[in-house]
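So the chains spell out like this:
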Amino acid sequence: MVRGVLDNADRSFDEKLWKGVTEQGWLGACIPEEHGGLGLGRVELCAIAEELGRAVAPIPFASTVYVLAEGLMAYGSDAQKASILPRIAAGEVIGCLATSEGPGVVGPATLQCRVEGGKLSGTKIPVTDGDVADIALVLASEGGRPGLFLVDLKGAGVSRETLKSLEPTRGVAKIAFDGAPAERVGDAGAGFEVVQGILDRAAVLLAFEQLGGADRCLEMAKEYALGRYAFGRVIAGYQAIKHKLADMYVKNEVARSNAYYGAWALNDGAPELPVAASAARIAASEAFWFASKENIQVHGGMGFTWDVDCHLYYRRSRQLSLVAGAPKVWKERLVAELEKKNAA
């Protein structure tokens with residue numbers, strides 16, 4: 001499944017798997033029944049996310065469900081929800097979030113994309129899943145104030161260029177807009193607040209994907225260590241290997257605790273969500289990266305080869321740690337939220 005995408009430069013995701021999760025109702029797990037979804041809670045979606053992470057599923061699930069669907073349910077108008085949510089649940093739409101405009105953090109003073117008269121112009125790079133998406137949520141300036149806009153990527157005024165990346169099963173693209181029709185999501189001038197609200201939701205769900213991947217790395221390392229012999233004994237008996245496995249386990253459990261806290265805050269709409277999302281994002285990013293690299297080390301020389309699956313998890317750990325903001329950004333947000341809480 002994953003290798004089928006990696007080995008074929010013309011494929012950015014697994015279409016058969018995408019159809020399968022659609023038929024299972026996963027895309028519409030949290031979408032209300034009146035919009036064609038199952039109407040489940042966010043805890044159920046977190047469970048799905050964890051299993052997708054274990055399988056390093058090569059589908060644009062995160063961009064479509066964690067970002068587009070969650071963003072519309074939280075900030076979209078009734079008309080936007082009625083138009084797009086049923087199509088997401090039916091697997092007819094792939095979404096993406098376009099905020100970055102190159103190196104550095106985008107801020108009010110550096111935002112280059114502009115919306116004038118309902119038309120969007122500018123360039124976003126890189127955009128995760130932008131090579132296959134049908135609809136984008138685009139951060140842009142309108143009348144000197146930031147806003148978030150819905151854009152049909154298959155409509156007029158849009159051109160795309162697929163970019164090379166470390167993780168080809170989660171493609172990235174450069175998207176140029178030249179007078180593309182754009183429709184605002186959320187209040188005028190509240191673009192950064194809306195984006196952060198969406199990222200808080202996505203951070204929790206991504207943390208569960210990362211946790212699933214980290215757990216699978218630990219399982220792979222343990223299984224290999226118990227079956228690999230060196231100098232007449234299984235390598236799992238050597239203290240250096242035991243320490244690696246123990247450290248992986250500890251980091252995974254820390255990530256699990258923070259992810260569960262985030263799941264509660266997200267499911268209940270708790271005011272603690274910004275803190276919980278930041279903590280979950282930081283702990284899960286650290287756990288998955290650490291587990292993916294230590295898994296390679298436990299496998300030794302075999303771990304660096306194409307034939308062993310270790311590199312699939314390492315690629316995904318790097319990709320997931322950046323897709324919704326790097327851990328450094330989330331650490332700064334966590335400190336800011338805690339300072340705000342202490343000052344209250």
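The model shown is predicted, which means the values in this text are computed figures rather than measured ones.

Criteria and thresholds
Residues numbered from 1 in each chain as written. Predicted model: local features only at pLDDT ≥ 70, side-chain atom pairs only at ≥ 80, totals over all residues. Heavy atoms only, no water. Helix = DSSP H or I, 4+ residues; strand = E, 2+ residues; numbered from the N terminus. Rg over C-alpha atoms; globule rule 2.2 N^0.38 Å. Buried < 20%, exposed > 50% of the residue type's maximum accessible area, 1.4 Å probe, protein only. Contact = heavy atoms within 4.5 Å. Domains from an automatic or database assignment. Buried area = accessible area lost by both parts, 1.4 Å probe. Salt bridge = Lys/Arg side-chain N within 4 Å of Asp/Glu carboxyl O. Polar contact = N/O pair within 3.5 Å; in protein donor to acceptor, adjacent residues only side chain to side chain. UniProt positions renumbered as here; feature names shortened; annotations may be inferred. Axes fitted to C-alpha atoms, helices over the stretch in contact; angles between N-to-C directions. Parallel < 35°, antiparallel > 145°, perpendicular 65-115°, else oblique. Left-handed = near helix turned anticlockwise from the far one by under 90°. Nonpolar A, V, L, I, M, F, W, Y, C, P; charged D, E, K, R; others polar.

J.: Can you tell me about the overall build of the protein chain, naming the residues and giving the values?
T.: When you go through the protein chain residue by residue, the secondary structure sums to 10 helices and 9 strands. In summary, the protein chain has a C-alpha radius of gyration of 20 Å against a globular reference of 20 Å for 344 residues, a match within 12%. By its C-alpha atoms, the protein chain is 75 × 55 × 40 Å across when sized along the principal axes. Taking all 344 residues of the protein chain together, 52% fall into the buried category.

J.: Hey, could you go over the environment of Q112 for me, with residue numbers and the actual values?
T.: With respect to the secondary-structure elements, Q112 resides in the loop between β1 (95-98) and β2 (114-116). Given the relative accessible area of 54%, Q112 is considered exposed. Sequence separation between Q112 and K124 is 12 residues, and the spatial gap between their C-alpha atoms is 9.2 Å. When sequence neighbours within four positions are dropped, the list of residues in contact with Q112 reads E101 and S121.

J.: Before we move on, could you go through the domain arrangement of the protein chain and cite the residues and values that matter?
T.: For the protein chain, the assigned domains are domain 1 (1-93), domain 2 (96-188) and domain 3 (192-343). If you look at the interface, domain 1 gives 20 residues, while domain 2 gives 17 residues. Counting the surface lost from both domain 1 and domain 2, the interface buries some 1,500 Å², and carbon and sulfur atoms represent 66% of this. Contact with domain 2 buries area across many residues of domain 1, yet S12, S63 and Q80 alone supply 31% of it, more than any other trio. Applying the counting rule to domain 1 against domain 2 returns 0 salt bridges. Applying the counting criterion to the domain 1 and domain 2 interface returns 5 residue pairs in polar contact (both at pLDDT 80 or more). For the side of domain 1 that touches domain 2, the elements supplying multiple residues, two or more each, are α1 (2-6), α4 (61-75) and α5 (78-89). Of the residues forming the side of domain 1 that touches domain 2, the biggest block, 6 residues, is contributed by α4.

J.: Lay out the UniProt feature "domain: Acyl-CoA dehydrogenase/oxidase C-terminal" (unreviewed entry) in the protein chain in plain terms, naming residues and giving numbers.
T.: Per the UniProt entry, the sites bearing "domain: Acyl-CoA dehydrogenase/oxidase C-terminal" (unreviewed entry) are residues 189-330 in this numbering. Between the end C-alpha atoms of residues 189-330 the distance is 23 Å, and the span holds 78% helix and 3% strand.

J.: Break down the packing of α4 against helix α6 (residues 191-227) for me, with residues and values.
T.: Contact pair α4 / α6: the axes reach a minimum separation of 9 Å and the direction vectors enclose 140°. Put simply, α4 runs oblique to α6. The two elements α4 and α6 cross, and the hand of that crossing is right-handed. Facing α4, whose interface residues are A62, Y66, V67, E70, G71, A74 and Y75, α6 presents E193, V194, G197, I198, R201, A202, L205, L206 and E209. Here the residues of the contact of α4 with α6 sort into 10 nonpolar, 2 polar and 4 charged.

J.: Pulling in residues and values, what's your account of the side chain of E337?
T.: Looking at where E337 falls in the secondary structure, it is placed in helix α10 (residues 327-343). Owing to a relative accessible area of 14%, E337 belongs among the buried residues under this scheme. Residues contacting E337, with those up to four places away along its chain left out, are P274 and V275.

J.: So what about the pattern of salt bridges? Which residues, and what values?
T.: Where charged atoms from two side chains of opposite charge come close, those side chains can pair. Tallied over the full model, the rule gives 22 salt bridges. For the salt bridge of R170 with D129, the shortest nitrogen-to-oxygen distance reads 3.0 Å. Taken together, the residues R170 in the loop between β6 (158-163) and β7 (172-185) and D129 in the loop between β3 (119-128) and β4 (135-142) connect sequence positions 41 residues apart. Across this residue pair, the class does not change: R170 and D129 are buried. Among the charged side chains, a salt-bridge network with shared partners connects E51, R54, R216, E219 and E223.

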